[in-house]
Amino acid sequence: MASPPAEVMAPATSEASWFCCGPAFGPCSSAGGGACGTCKSASLHCAWPNTSDACYDITRPDKCGDDLLRRTCGHQFFVKHLCGTTEIAVTVRDCGPQTDLWCGEKRCCSGKCATNRLIDFTPAAFTRLGSLSAGIIPVTIRS
Amino acid sequence: MESLGRRKFLTSAVLGSATAVVGATALGSLAPETAFAQEDNWMLEPDAIDPDFAEGRITGIKGTMLMVTGSDRTFHRILLTSGTSVWKLRNTTFDEAEVGDGLYARGARMPDGVLAADAVWLNIVNLQTHIVAINRDVLHLDHHGHRIVGHVVTGTTAAVYNGTPAISDLSLLQVGKHAQVIGAWRPDTNEVDIATVYAAAA
């Protein structure tokens, strides 16, 4: 089992995608309520790769060189598009993304870039920052 | 434009002022990537439903109003204006919407409960998958244990390898590798038309 670092700062920037949870149409209909049980696509929720030991063992952000704080269900982050001005509060309601699958991936806007996938948003949260069809956007994260 | 100002504007547009309903076009570019640039700060109760968002399936279309039943059984009326950005596999127009389509919509909730839509995404899915097989114009995908048939659409489907710019060449996709697929679900099937596939090139 991997040992997450005890107390280090969360990164300032990240790539972010979106995921569905709770009641949903199509292939999302079996998504369920996420690791915390209460995730909903229509709420401002997010997934974080270090919500528990079991979660961390799957997502392994350390393989991409990212040391992330343990943030459990209910924690709130404040996030915005790297090139945007809208900041929203999102609540941790799931484990994810699987960071280690995408090590080194980079997303840029206006000459500014974010590397690695460290957070995912529900469609409601993502669409406050960007377009779902973009798939991935660069964001800043603060607690 | 601040949220309140935007809401007032959309309200006046939707509630039938004599001026043409121009919706979000008056607020700036409607390119999906830039339709969300208003300075704003949003914080809701952790499990509150976002009032300016809707999810569900279209159960009726009356003019430019979509009747949508949410997957949680909530009923939504979603108004599309000439300024609403519409996506269905690609950026398109309102007349592509059909009864049975799934959707996500972002806009401003009017006092009468109608959601005046800035953007609507029809049948959009974002799937974390593994590639099971690659055939001519088809990717067979495993999505959390469920088989998904992904159709390659000539002229539309693009691949993004390691975050590099999108290209039409899918030849670097590999069976057994993971892939993220943005696509349009074919309602009531396990098939999607692929808009973009994200993959890590070998």
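Refer to the preceding data block for the structure.
The rules we used
Per chain, residues are indexed from 1 in the order of the written sequence. Chains carry letters from A onward and ligands carry numbers from 1 onward, assigned in written order. Whole-chain, interface and lining totals are the exception, using all residues; otherwise, since this is a predicted model, local features are given only for residues with pLDDT of at least 70 and side-chain atom pairs are given and counted only at 80 or more. Derived side-chain values reflect all non-hydrogen atoms in the structure, with water molecules and hydrogen atoms excluded from consideration. Numbering of helices and strands starts at the N terminus; helices are DSSP runs of H or I of at least 4 residues and strands are runs of E of at least 2. Each residue is placed in one exposure class: buried if its accessible area under a 1.4 Å probe, protein chains only, is under 20% of its type's maximum, exposed if it is over 50%, and partly exposed if it falls in between. We call two residues contacting when some pair of their heavy atoms lies within 4.5 Å. Throughout, the Shrake-Rupley method with a 1.4 Å probe supplies accessible areas, and for residues the shown protein chains are the sole cover considered. Buried and open spaces are told apart on a 1 Å grid over the protein atoms alone, a cavity being a set of points where a 1.4 Å probe fits but cannot get out and a pocket being an open set with protein on both sides within 12 Å along at least five of seven lines. Residues with an atom within 4 Å of a point are the lining residues. Grid points are joined across faces, edges and corners, and a volume is the space filled by probe spheres set on the points. Residue polarity is assigned by list, with Asp, Glu, Lys and Arg as charged and Ala, Val, Leu, Ile, Met, Phe, Trp, Tyr, Cys and Pro as nonpolar; anything else, Gly included, falls into the polar class. For this count, His and the chain ends are skipped, Lys and Arg are scored as positive, and Asp and Glu as negative. Here a salt bridge means any side-chain nitrogen of Lys or Arg lying within 4 Å of a carboxyl oxygen belonging to Asp or Glu. Any pair of N or O atoms that falls within 3.5 Å is considered a polar contact. Within protein, one atom must be able to donate a hydrogen and the other to accept it, and sequence-neighbouring residues count only if both atoms are side-chain atoms. Summed over both partners, buried area is the accessible surface (1.4 Å probe) that two parts give up on being assembled. Ring pairs are drawn from Phe, Tyr and Trp, using the six-membered ring of Trp, whenever the two centres fall within 6.5 Å, and their geometry is named by plane angle: stacked under 30 degrees, edge-to-face over 60, tilted for the rest. Counted as over-ring charges are cases with an Arg CZ or a Lys NZ within 6 Å of the ring centre that also lie within 35 degrees of the ring normal. Side-chain atoms within 4.5 Å are what join buried Ala, Val, Leu, Ile, Met, Phe, Trp, Tyr and Cys residues into a set we call a nonpolar core. How far each domain reaches was decided by an automatic or database domain assignment. Whether two strands pair comes down to DSSP finding at least two bridges between them.

A. Broad picture of the overall build of chain A. Along the backbone of chain A there are two helices and eight strands. Starting at the N terminus, the α and β elements of chain A follow one another as β-β-α-β-β-β-β-β-α-β. In chain A, which comprises 143 residues, the share counted as buried stands at 59%. In chain A, of all internal contacts separated by at least 6 residues, the share reaching a separation of at least 24 is 70%.

B. View of the overall build of chain B. The secondary structure content of chain B amounts to one helix and 14 strands. Counting only residues that meet the buried cut, chain B has 51% of its 202 residues in that class. For chain B, the proportion of contacts with a sequence separation of at least 24, taken over those separated by at least 6, is 56%. Accessible surface computed for chain B: about 9200 Å², of which carbon and sulfur atoms make up 55%.

C. The arrangement of the layout of surface pockets in detail. Considering only enclosed or pocket space, the largest pocket measures out at about 770 Å³ in volume. In this structure, the largest pocket is lined by 31 residues; those nearest its centre are Phe19(A), Asp94(A), Cys95(A), Gln128(B) and His144(B). When contributions to the lining of the largest pocket are tallied by element, the ones reaching two or more residues are helix 1 (53-59), strand 4 (87-95) and strand 7 (117-121) of chain A together with strand 9 (124-135), strand 10 (138-143) and strand 13 (178-185) of chain B. With five residues, strand 9 of chain B is the single largest residue contributor to the lining of the largest pocket. For the lining of the largest pocket, the residue count by class is 14 nonpolar, 13 polar and four charged.

D. Region of interest: the side chain of Glu55(B). Following the sequence through the fold, Glu55(B) ends up in strand 2 (residues 53-62). Despite being buried, Glu55(B) has no salt bridge partner; Arg57(B) is the closest side chain of opposite charge, sitting 8.2 Å away. One polar contact links the side chain of Glu55(B) to the main-chain amide nitrogen of Phe25(A), over a distance of 3.3 Å. There is a polar contact of 2.6 Å between the side chain of Glu55(B) and the side chain of Ser71(B). Filtering out sequence-adjacent residues up to four positions away, Glu55(B) remains in contact with Pro23(A), Ala24(A), Phe25(A), Val68(B), Gly70(B), Ser71(B), His76(B), Leu103(B) and Tyr104(B).

E. Molecular detail of the interface of chain A and chain B. Contacts between the two partners involve 44 residues from chain A, matched on the other side by 49 residues from chain B. Buried area between chain A and chain B, both sides added, is near 3800 Å², and the carbon and sulfur share of it is 58%. The tally of links from chain A across to chain B stands at three salt bridges. In this structure, the salt-bridge partner of Asp52(B) is Arg128(A), at a minimum N-O distance of 3.4 Å.

F. Looking closely at the packing of aromatic side chains. Counted under the stated rule, the structure contains five aromatic pairs over all chains. On the numbers, 5.9 Å between centres and 80 degrees between planes, the contact of Trp18(A) with Tyr104(B) is edge-to-face. Of this pair, Trp18(A) sits in strand 1 (residues 13-18) while Tyr104(B) sits in strand 7 (residues 102-109), each in a different chain. Comparing Trp18(A) with Tyr104(B), the two get one shared label, buried. Clustering of aromatic rings is evident, with ring pairs tying together Trp18(A), Phe25(A), Phe53(B), Tyr104(B) and Trp185(B). Over the ring of Trp102(A) we find Arg117(A), and its NZ or CZ is 3.9 Å from the ring centre.

G. Molecular detail of unusual backbone geometry. Here the amide bond leading from Gly96(A) into Pro97(A) is cis, since omega sits at -10 degrees, within 30 degrees of zero. Mapped onto the elements of the fold, Pro97(A) is located in the loop between strand 4 and strand 5 (106-109). One non-glycine residue, Asp137(B), adopts positive backbone phi at about 65 degrees. In this structure, Asp137(B) sits in the loop between strand 9 and strand 10. One non-glycine residue, Asp188(B), lies in positive phi territory at about 65 degrees. Checked against the element boundaries, Asp188(B) lands in the loop between strand 13 and strand 14 (191-199). Residue class for Asp188(B) comes out exposed when judged on its relative accessible area of 61%.

H. Region of the structure containing the nonpolar core. Of all hydrophobic cores here, the largest spans 63 residues; its most connected members are Phe77(A), Val79(A), Val90(A), Ile119(A), Phe121(A) and Tyr104(B). For this core, the element with the highest residue contribution is strand 14 of chain B, accounting for six residues. When residues of this core are sorted by domain, at least three fall in each of domain 1 (3-122) and domain 2 (124-199) of chain B. Excluding its chain neighbours within four sequence positions, the residues that come into contact with Ile119(A) are Ser14(A), Glu15(A), Ala16(A), Ser17(A), Cys46(A), Ala47(A), Trp48(A), Phe77(A), Val79(A), Pro97(A), Val139(A) and Ile141(A). Counting residues in each nonpolar core, the second largest holds 14 residues, with Ala54(B), Ile58(B), Ile78(B) and Val120(B) among its members.

I. Structural view of the pairing of strand 7 of chain A. Residue and element names in this part refer to chain A. Across the five residues of strand 7, five count as buried, placing the element largely inside the fold. One ladder, built from two bridges, connects strand 2 (residues 45-48) with strand 7; its direction is antiparallel. Note on strand 7: the bridge partner recorded for cysteine 46 is phenylalanine 121.

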